[in-house]
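Chain and residue survey
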Amino acid sequence: MEAKINRFFDSVGSFFSGNSENIPWCDHDVIAGCEREVSEAETPKQKNDSVMRLSWALVHSKDEADVNRGIGMLEASLSNSSSPLITREKLYLLAVGYYRNGDYPRSRQLIDHCLEIEPNWRQAMTLKKAVGDKIAKDGVIGVGIATTAIGLLVGGIAAALVRR
């Protein structure tokens with residue numbers, strides 16, 4: 001039920017905002033190919049590269065379970081990153097995963113960390129804008145729901161007073 005409500009708000013938000021999301025989606029065929037690639041990797045470097053591609057595919061999935069799996073893989077591998085570039089990539093992918101799951105504050109925190117490593121990284125700046133747009137949209141929707149609830153309450157009280 002909550003997923004249907006979220007899709008409804010997303011569609012309403014898309015109507016008003018023009019759906020400016022530029023983050024790609026990934027389907028199950030690509031994920032299956034990446035999983036096969038990981039299992040067939042022969043060297044540690046091939047395996048690490050394959051795991052990164054699989055993590056990318058998972059956090060870009062439309063399936064929440066895939067996204068969560070990708071987040072878990074990235075968090076587990078973050079501490080053993082071999083360079084700032086790889087750390088930056090993993091942080092970015094984590095931010096995409098949290099964005100997909102609707103944890104916008106965590107996504108923004110990770111994007112800010114990416115931008116500390118690479119201040120002019122366009123991809124991270126684009127995601128940061130998308131996160132900011134979602135946070136703003138959620139705030140407007142929340143205010144709208146609260147205003148409607150208060151209006152209904154005041155209207156109900158007024159109707160009850162008129163009947164007396």
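Below is a summary of the structure that appears in this document. (Residues numbered from 1 in each chain as written. Predicted model: local features only at pLDDT ≥ 70, side-chain atom pairs only at ≥ 80, totals over all residues. Heavy atoms only, no water.)

**What about the overall build of the protein chain?**
Of regular secondary structure, the protein chain possesses seven helices and zero strands. Reading the secondary structure of the protein chain in the N-to-C direction produces α-α-α-α-α-α-α. Put simply, the protein chain has 164 residues, and 28% of those count as buried. Within the protein chain, contacts between residues at least 6 apart in sequence are counted, and of these 54% link residues at least 24 apart. Of the roughly 10500 Å² of accessible surface on the protein chain, a fraction of 58% belongs to carbon and sulfur atoms. (Helix = DSSP H or I, 4+ residues; strand = E, 2+ residues; numbered from the N terminus. Buried < 20%, exposed > 50% of the residue type's maximum accessible area, 1.4 Å probe, protein only. Contact = heavy atoms within 4.5 Å. Areas by Shrake-Rupley, 256 points an atom, 1.4 Å probe, with all protein chains shown as cover.)

**Side note on the packing of helix 2 (residues 28-40) against helix 3 (residues 44-59)**
Contact pair helix 2 / helix 3: the axes reach a minimum separation of 8 Å and the direction vectors enclose 160°. In terms of axis orientation, helix 2 runs roughly antiparallel to helix 3. For helix 2 against helix 3, the interelement crossing comes out left-handed. For the pair formed by helix 2 and helix 3, the contact residues are Val 30, Ile 31, Cys 34, Glu 35, Glu 37 and Val 38 on the first element and Lys 47, Ser 50, Val 51, Arg 53, Leu 54, Ala 57 and Leu 58 on the second. (Axes fitted to C-alpha atoms, helices over the stretch in contact; angles between N-to-C directions. Parallel < 35°, antiparallel > 145°, perpendicular 65-115°, else oblique. Left-handed = near helix turned anticlockwise from the far one by under 90°.)

**Topic: the packing of aromatic side chains**
With the rule as written, the count across this model stands at two aromatic pairs. Between Tyr 92 and Trp 121, the aromatic rings sit 5.1 Å apart at their centres with planes inclined by 55°, giving tilted as the arrangement. With Tyr 92 in helix 5 (residues 84-101) and Trp 121 in the loop between helix 6 (104-117) and helix 7 (122-163), the pair connects residues that are 29 residues apart, well separated along the chain. Residue Tyr 92 is classed as buried on the basis of its relative accessible area, which comes to 5%. For Trp 121, a relative accessible area of 10% corresponds to the buried category. Directly above the ring of Trp 25 sits Lys 62, whose terminal nitrogen or CZ lies 5.3 Å from the centroid. The ring centre of Trp 25 lies 3.6 Å from the NZ or CZ of Arg 100, which sits over that ring. (Phe/Tyr/Trp six-rings, centres within 6.5 Å; stacked < 30°, edge-to-face > 60°. Lys NZ or Arg CZ within 6 Å of the ring centre and 35° of its normal.)

**Remarks on the nonpolar core**
Counting 23 residues, the largest nonpolar core has Tyr 92, Tyr 99, Ile 111, Ala 124 and Leu 127 as its most contacted members. When contributions to this core are tallied by element, the ones reaching two or more residues are helix 4 (64-78), helix 5, helix 6 and helix 7. Counting residues per element, this core draws most heavily on helix 5, which supplies eight residues. Excluding anything up to four places from it in sequence, Ile 111 contacts Tyr 92, Ala 95, Ala 124, Leu 127 and Lys 128. The next biggest cluster of nonpolar side chains, apart from the first, holds seven residues, and it includes Cys 26, Val 38, Leu 54 and Leu 58. (Core = buried A, V, L, I, M, F, W, Y, C linked by side-chain atoms within 4.5 Å.)

**Examining the packing of helix 5 against helix 6**
The axes of two packed helices give the description: the angle between them and the distance between them. Packing of helix 5 against helix 6 leaves a shortest axis separation of 8 Å and a crossing angle of 160°. Classified by the angle their axes make, helix 5 and helix 6 are roughly antiparallel. Handedness of the helix 5/helix 6 crossing: left-handed. On helix 6, the residues that touch Pro 84, Thr 87, Arg 88, Leu 91, Tyr 92, Leu 94, Ala 95, Tyr 98 and Tyr 99 of helix 5 are Tyr 104, Arg 106, Ser 107, Leu 110, Ile 111, His 113, Cys 114 and Ile 117. For the contact of helix 5 with helix 6, the residue count by class is twelve nonpolar, three polar and two charged. (Nonpolar A, V, L, I, M, F, W, Y, C, P; charged D, E, K, R; others polar.)

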